[in-house]
Amino acid sequence: RSTLFPYTTLFRSERWEHGMPGTLAVGGWGQTGELSAGGVTEDGAHGFYTFGGKRLWLRNPGIDNSGITGFFQFGINDSDTRPFNTYVGVGLTGFGLVRGRPKDSVGAGVAVSWLNQNLGFRSNEVMLAAYYQMHAVGDIYLQPTVSHIPDPGQSPSLSPATAITMNVTILF
């Protein structure tokens, strides 16, 4: 039997440097009980994570929300059975940048994971992604996304992987 105990502290600032809003959160987790994967067994695991976002630029301050936000994510754990032990991600998101499309957003990011060597993976894996979320009608959005992994972490024998997906989001 295994139990997960997450804990997070959120820091929010409406006015960081240059009067731009942002959020920073730090947290950790602990899991008790026996965990196993790929022939490896352990008794519990722990980890730490942090993420944040900051508005970097406003196109029309005081008029609308159009502009660019940056974000980062970081996580690390001591597990012998989780697929990765360290993760870093960064990216940018643009809101309302296309003339006549104030509800659209566009973004791109890169993530690097250092993989668990106990499970026979490569040492790391990089993933690149970009999307465009377009407002369709009412509270419905369409979002094509392109993701690319140059060297999949599961095995050196795998070729680069590219995925194109389409998501439909309905806000309610």
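I will try to describe carefully the structure that is included in this document. (Residues numbered from 1 in each chain as written. Predicted model: local features only at pLDDT ≥ 70, side-chain atom pairs only at ≥ 80, totals over all residues. Heavy atoms only, no water.)

To continue, consider a nonpolar patch on the surface. On the surface, a nonpolar cluster with roughly 420 Å² of combined accessible area is contributed by L56, W57, L92, L97 and V106. One can find L56 in strand β3 (residues 40-58). (Patch = residues over 30% accessible without salt bridge, like charges linked within 9 Å, V, L, I, M, F, W, Y side chains within 5 Å. Areas by Shrake-Rupley, 256 points an atom, 1.4 Å probe, with all protein chains shown as cover. Salt bridge = Lys/Arg side-chain N within 4 Å of Asp/Glu carboxyl O. Helix = DSSP H or I, 4+ residues; strand = E, 2+ residues; numbered from the N terminus.)

For the rest of this paragraph, the subject is the environment of A161. Positionally, A161 belongs in strand β9 (residues 161-170). A161 sits in the partly exposed class, given a relative accessible area of 33%. Taking the C-alpha atoms as reference points, A161 and P150, 11 residues apart in sequence, are found 6.4 Å from one another. Not counting residues within four places of it along the chain, the set of residues in contact with A161 comprises S147, H148, I149 and P152. (Buried < 20%, exposed > 50% of the residue type's maximum accessible area, 1.4 Å probe, protein only. Contact = heavy atoms within 4.5 Å.)

With that settled, consider the packing of aromatic side chains. What the rule picks out here adds up to 2 aromatic pairs. Centre to centre, the rings of F84 and Y87 are 6.5 Å apart; their planes meet at 55°, and the pair counts as tilted. A relative accessible area of 22% means that Y87 is categorised as partly exposed. (Phe/Tyr/Trp six-rings, centres within 6.5 Å; stacked < 30°, edge-to-face > 60°.)

A word on the pairing of strand β6 (residues 105-115). Pairing geometry for strand β5 (residues 84-95) and β6, over 11 bridges, is antiparallel. Opposite T93, over in β6, you have G107 as the bridge partner. Pairing geometry for β6 and strand β7 (residues 124-137), over 10 bridges, is antiparallel. The residue of β7 that forms the bridge with V106 is Y132. (Pairing = 2+ DSSP bridges.)

To continue, consider the pairing of β9. Buried residues are scarce in β9, accounting for 0 of its 10 residues. In this sheet, β9 lies alongside strand β8 (residues 140-149) in antiparallel orientation, the contact comprising 10 bridges. Residue V146 lies in a different strand from β9, and its bridge partner there is I164.

As a further point, take the environment of T162. Here T162 shows up in strand β9. The exposure class assigned to T162 is exposed, which follows from its relative accessible area of 53%. When the C-alpha atoms of T162 and S147 are compared, they prove to be 5.6 Å apart, with 15 residues separating the residues in sequence. Sequence-distant contacts of T162, that is, excluding residues within four places in its chain, are made with V146, S147 and H148. For T162, the side chain forms a polar contact with the side chain of H148, separated by 2.7 Å. (Polar contact = N/O pair within 3.5 Å; in protein donor to acceptor, adjacent residues only side chain to side chain.)

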